[in-house]
Amino acid sequence: MTGPRIGRGGKRGAGRRARCNGPAGAAAAVTMALVLIGCTATNTTGMVTTSVTSGVERPRPPGSFATSTTAGAPAAIGIIRSTIDAVNAAAGGTVARQQDLLRSLVDPGQSGEQRRCAAATTTISFEPVYSRLAPSPSWQPDTGTVGGTVYSLPTLIRIYTGSRITGTDLADLHLSVDAGRARLAALCVS
């Protein structure tokens, strides 16, 4: 038998979704359009501002977000990974232990800035996007200096209070690589 389908309830059209007409339909269409626009928006200036890194990020060349940037820095990735791994190993532990570690990993030109940070009450861990590691020669900290080659690394930061994750942040983490060692820019953890 080939006739119209009957949904539950025995009436033609039962079980079908109602159409949104009138003001409700228009509101739904506008909301969907805004969601779609937000999902496809891109950062056209390349400017990234965070509370974790100090300094100024200069605009990146067009297309730098769309391509993998690690091809020219394979040696730097391993050095940077070991520094990130050291910070992550201290996350969720004692604040004093991680603060001592951060002071030992900060670039010498940033050590004064690191000492001026307020007392920390939390620890942090990093989940970087290594495929987006890029040299960032135009980046300079607001105060102090950094030596060697500076890299920018998009990173998810997890904030720990004790052993619990109590917050997250996104940042462009800046590290310098010099003489086979990766150093952090000053990181003031609250």
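Being a predicted model, the structure only gives us computed values, none of them experimental. (Residues numbered from 1 in each chain as written. Predicted model: local features only at pLDDT ≥ 70, side-chain atom pairs only at ≥ 80, totals over all residues. Heavy atoms only, no water.)

### Overview of the overall build of the protein chain
- Per the secondary structure count, the protein chain includes 4 helices and 5 strands.
- From first element to last, N terminus to C terminus, the protein chain shows the α and β order α-α-α-α-β-β-β-β-β.
- The 190 residues of the protein chain split such that 34% are buried.
- When contacts within the protein chain are restricted to residue pairs at least 6 apart in sequence, those whose partners lie at least 24 apart make up 67%.
- In the form shown here, the protein chain has an accessible surface area of approximately 11,500 Å², with 58% of it arising from carbon and sulfur atoms. (Helix = DSSP H or I, 4+ residues; strand = E, 2+ residues; numbered from the N terminus. Buried < 20%, exposed > 50% of the residue type's maximum accessible area, 1.4 Å probe, protein only. Contact = heavy atoms within 4.5 Å. Areas by Shrake-Rupley, 256 points an atom, 1.4 Å probe, with all protein chains shown as cover.)

### Describing the state of the cysteines
- If you walk through the whole model with that rule in mind, you get 1 disulfide.
- Between the sulfur atoms of C117 and its disulfide partner C188 the distance amounts to 1.9 Å. With the S-S dihedral at roughly -70°, the linkage between C117 and C188 falls on the left-handed side. Note that C117 is positioned in the loop between α4 (111-115) and β1 (123-128) and C188 in the segment after β5 (181-184), a separation of 71 residues in sequence. (Disulfide = S-S within 2.5 Å.)

### Details of the environment of A120
- For A120, the position within the fold is in the loop between α4 and β1.
- With residues near it in sequence (within four places) discarded, A120 still touches V95, Q99, V189 and S190.

### Structural notes on the side chain of Q110
- Position of Q110 among the secondary structure elements: in the loop between α3 (95-105) and α4.
- Looking at Q110, its side chain comes within polar contact range of the main-chain oxygen of T143, at 2.8 Å.
- Only 3.1 Å separates the side chain of Q110 from the backbone nitrogen of A186, close enough to count as a polar contact. (Polar contact = N/O pair within 3.5 Å; in protein donor to acceptor, adjacent residues only side chain to side chain.)

### Details of the packing of aromatic side chains
- On inspection of all chains with the given rule, the structure shows 0 aromatic pairs.
- Lying over the aromatic face of Y130, R81 brings its terminal NZ or CZ to 4.0 Å of the ring centre. (Phe/Tyr/Trp six-rings, centres within 6.5 Å; stacked < 30°, edge-to-face > 60°. Lys NZ or Arg CZ within 6 Å of the ring centre and 35° of its normal.)

### Section: the pattern of salt bridges
- Enumeration according to the criterion identifies 3 salt bridges in this entry.
- Where D100 meets R103, a salt bridge forms, and the shortest distance between an N and an O atom there is 2.6 Å. One end of the pair, D100, and the other, R103, are both in helix α3, 3 residues apart, so they sit about a helical turn from each other.
- For E113, the salt bridge is made with R116, and the minimal N-O distance between the two is 3.1 Å. (Salt bridge = Lys/Arg side-chain N within 4 Å of Asp/Glu carboxyl O.)

### Section: α3
- Of the positions making up α3, those classed as buried are Q98, Q99, L102 and L105. Burial along α3 is one-sided: seen end-on, the buried residues are contained in an arc of 125°. (Arc of directions from axis to C-beta.)

### As for the environment of S104
- Summarising the element assignment, S104 is placed in helix α3.
- Each C-alpha atom, one on S104 and one on L184, is 9.4 Å from the other, the two residues being 80 residues apart in sequence.

### Brief notes about the confidence of the model for the protein chain
- Summing up the model confidence of the protein chain, the mean pLDDT is 74 and the portion of residues at 70 or higher is 61%.
- Low pLDDT, under 50, characterises residues 23-72; the predicted model gives this stretch 60 contacts beyond four residues in sequence or across chains. (pLDDT = per-residue confidence, 0-100.)

### Thoughts on the nonpolar core
- Residues I80, I84, F126, L173, L175, L184 and L187 are the most contacted members of the largest nonpolar core, which totals 23 residues.
- At the level of elements, α2 (74-90), α3, β1, β3 (149-161), β4 (164-178) and β5 are the ones that each hand at least two residues to this core.
- Among the elements that line this core, the one with the most residues is α2, at 5 residues.
- In contact with I84, other than residues within four places in its own chain, are F126, P128, Y130, L173 and L175. (Core = buried A, V, L, I, M, F, W, Y, C linked by side-chain atoms within 4.5 Å.)

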